[in-house]
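The chain contents come next:
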Amino acid sequence: MKNYGFTSTILHNDRQKGIEHGSLHKPIHTSVTFGYADARQLASVFQGKEPGFRYGRQGNPTVAALEDKVSKMEQGVGTICFATGMGAIGAVFQALLRAGDHVVSSSFLFGNTNSLWQTVAGQGVGVDFVDATDVANVAAALKPETRMVFVETIANPRTQIADLKRIGELCAQRGILYVVDNTMTSPYLFRPKDVGAGLVVNALTKSIGGHGNALGGALTDTGAYDWTRFPNIFENYKKNPSVQWGLVQIRAKALRDFGASLAPEAAHHIAVGAETLALRMDRASANARALAAMLEADQRVAAVYYPGLKSHPQHGIAAELFKDFGSLLSFELKDGIDCFDYLNKLKLAIPTSNLGDTRTLVIPVSHTIFYEMGPERRASMGIADSLIRVSVGIEDTDDLIADFRSALD
Ligand SMILES: *Cc1c(COP(=O)(O)O)cnc(C)c1O
């Protein structure tokens, strides 16, 4: 296929494969089991000697079409989809880590990923949290048994940006698997493959699906990691070329055995959403830039965190690596302004969770999604009690600015 741009590639990907009845969308296949020419072919598919589907939990044609699109977006060698973003992150640990292994993780993390790390730590895997905005902290935490470094591109909610490129160089030198959660940037703004990530996480629920109407997650192997350097691959999964070892093991040990499979209906919703990822990201990033500038200029706002602002500590990294600065920002109101009163005055922005929706969503972070972790861990992540997270949508810019400004008045 010709080397088309991001959106052309996604729009025409299903059709290129010559799908059923000339449908322009890959149809929603609900069948759990599949038919074969004869019993010998059944055996041959189950033994991996010819391509085909075995059972819906391990793969499905509609889901496979989405996996192919996510691979194209990330320019990876393959992708596995999961029921949720957490399903994808959980799969990394389930399939690839063993008791006695060690992981270095950014301390600036999506709240549930933070919680998952605590679980993993209780199962005999050592986890160290570091300030990953500086590669030196990551380097200092490495041990001989470190199997993986895990970071997010733009951390939610304070928007810290990992030292993405230098961490990639460090992992390459040491033969350590580099896992990057690309959810906040999406493959339209940034490809972790470009900084040497071996595995890329995308919560498809967020910008890729984009409409808050389907949950999903994906793991993409970029081909950058040499799996022959990874000690935890079972002999059984080393039959194929080594570039496939990681995904083969993840599909069997995590997707098949733990069963967080993406439903075909959800895969269809996400695939339709993905067609407009670039358009929505451009618009939401422009809105976020305008909103961040307005808030930063207002006396009643104590702090604004947005990578597009010159005042952001990692503005330089973001400008160098990302196509735009994304749709996530957060801010603190000055003392004396109650964040609940403020949120209640907003008319367009909706107080709720979720990110990467077409609609602008706001949430008082300390009192909701980061409540469970307690004040100490919140403080270590730089999360103030009054912090408001904004997932900027694609509304008309003037309407959005007016909404946030008049709620301040
Ligand atoms: C939302 C999110 C996840 C989890 O995705 P779900 O689909 O909600 O499970 C993981 N990482 C990041 C950065 C997220 O924003």
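Residues numbered from 1 in each chain as written. Predicted model: local features only at pLDDT ≥ 70, side-chain atom pairs only at ≥ 80, totals over all residues. Heavy atoms only, no water.

### Some points on the site of the ligand
Surrounding the ligand, one finds 13 residues, the nearest of these being Gly 85, Met 86, Asp 181, Thr 205 and Lys 206. Between the ligand and Asp 181, the relevant distance is 2.7 Å, taken from a nitrogen atom to a side-chain nitrogen or oxygen of the residue. One nitrogen or oxygen atom from the side chain of Lys 206 is found 2.7 Å from an oxygen atom belonging to the ligand. Here the ligand loses 93% of its free accessible area of 380 Å² to cover by the protein chains. More than half of the atoms of the ligand fall within 2 Å of the grid points belonging to the second largest pocket. For the shell around the ligand, the element with the most residues is helix α4 (residues 85–96), which contributes 3 residues. In the shell around the ligand, the residues fall into 6 nonpolar, 5 polar and 2 charged. (Near = heavy atom within 4 Å. Polar contact = N/O pair within 3.5 Å; in protein donor to acceptor, adjacent residues only side chain to side chain. Areas by Shrake-Rupley, 256 points an atom, 1.4 Å probe, with all protein chains shown as cover. 1 Å grid on protein atoms, 1.4 Å probe; cavity = no way out; pocket = protein on both sides within 12 Å on 5 of 7 lines; lining within 4 Å. Sits in = over half its atoms within 2 Å of the grid points. Helix = DSSP H or I, 4+ residues; strand = E, 2+ residues; numbered from the N terminus. Nonpolar A, V, L, I, M, F, W, Y, C, P; charged D, E, K, R; others polar.)

### Concerning the layout of surface pockets
A probe as big as a water molecule, rolled over the atoms, marks out the empty space that is left. For the largest pocket, the calculated volume is near 1,300 Å³. Every residue lining the largest pocket is counted, 34 residues in all, and those nearest its centre are Gly 48, Arg 54, Asn 240, Val 248 and Arg 251. Looking at the lining of the largest pocket, the elements with two or more residues in it are α2 (39–46), α3 (61–74), β1 (78–82) and α9 (245–258). Of the residues assigned to the lining of the largest pocket, the class counts are 14 nonpolar, 12 polar and 8 charged. In this structure, the second largest pocket encloses a volume near 420 Å³. Taken together, 25 residues form the lining of the second largest pocket, with Phe 110, Asn 112, Asn 156, Lys 206 and Leu 355 sitting closest to its centre. At the level of elements, α4, α5 (111–121) and β6 (199–203) are the ones that each hand at least two residues to the lining of the second largest pocket. Residues of the lining of the second largest pocket, tallied by class, amount to 11 nonpolar, 10 polar and 4 charged. Split by domain, the residues of the lining of the second largest pocket number at least three in each of domain 1 (6–274) and domain 2 (277–408). (Points joined across faces, edges and corners; volume = space filled by probe spheres on them. Domains from an automatic or database assignment.)

### Considerations on unusual backbone geometry
The step from Asn 156 to Pro 157 runs through a cis peptide bond, and the omega angle for that step is 5°. One non-glycine residue, Asn 354, lies in positive phi territory at about 80°. In this structure, Asn 354 sits in the loop between β10 (350–351) and β11 (361–364).

### A closer look at the side chain of Thr 358
Checked against the element boundaries, Thr 358 lands in the loop between β10 and β11. Engagement of the side chain of Thr 358 in a polar contact is seen with the side chain of Arg 359, the distance being 3.2 Å. In this structure, Thr 358 is in contact with Gly 210, His 211, Arg 280, Gly 393, Ile 394 and Glu 395, ignoring residues within four places of it in sequence. (Contact = heavy atoms within 4.5 Å.)

### Some thoughts on the packing of aromatic side chains
How two aromatic rings sit relative to each other is given by the distance of their centres and the angle of their planes. All told, the structure shown has 13 aromatic pairs when counted by the stated rule. Consider the rings of Phe 331 and Tyr 342, whose centres lie 6.0 Å apart with planes at 85°: the pair is edge-to-face. You can see Phe 331 sitting in strand β9 (residues 328–333) and its partner Tyr 342 sitting in helix α13 (residues 339–345), a full 11 residues away along the chain. Across this residue pair, the class does not change: Phe 331 and Tyr 342 are buried. Here the guanidinium or amino end of Arg 98 rests over the ring plane of Phe 234, the centre of that ring lying 4.8 Å away. (Phe/Tyr/Trp six-rings, centres within 6.5 Å; stacked < 30°, edge-to-face > 60°. Buried < 20%, exposed > 50% of the residue type's maximum accessible area, 1.4 Å probe, protein only. Lys NZ or Arg CZ within 6 Å of the ring centre and 35° of its normal.)

### Let's talk about the sheet that holds strand β5 (residues 177–181)
Pairing is mixed in the open sheet, where 7 strands are placed in the order β1-β7-β6-β5-β4-β2-β3. Each edge of the open sheet carries a strand with a single partner, namely β1 and β3 (126–130). Ignoring strand direction, the axes of neighbouring strands in this sheet form an average angle of 20°. Sheet topology note: the strand β2 (residues 102–106)/strand β4 (residues 146–152) ladder contains 4 bridges and is parallel. Residue pairing across strands places Ser 105 opposite Phe 150, the latter belonging to β4. With respect to the sheet, α5 is in contact with β2, β3 and β4, its orientation differing from that of β3 by roughly 145°. Sheet strands touched by α9: β1, β6 and β7 (217–221). Its angle to β1, the strand with the most contacts, is close to 15°. (Pairing = 2+ DSSP bridges. Axes fitted to C-alpha atoms, helices over the stretch in contact; angles between N-to-C directions.)

### Considerations on helix α7 (residues 164–174)
Every buried residue of α7 is accounted for by Leu 164, Ile 167, Gly 168, Leu 170 and Cys 171. Projected onto a plane normal to the axis of α7, the buried residues spread over an arc of 165° and lie on a single side. In α7, the exposed positions angled more than 90 degrees off the buried face are occupied by Ala 172 and Gln 173. Looking at the buried side of α7, the elements it contacts are α6 (135–141), β4, β5 and α12 (315–321). A positive phi of about 70° marks Gly 175, the residue just after α7. (Arc of directions from axis to C-beta.)

Treat this as a map of the structure, not an account of what it does.
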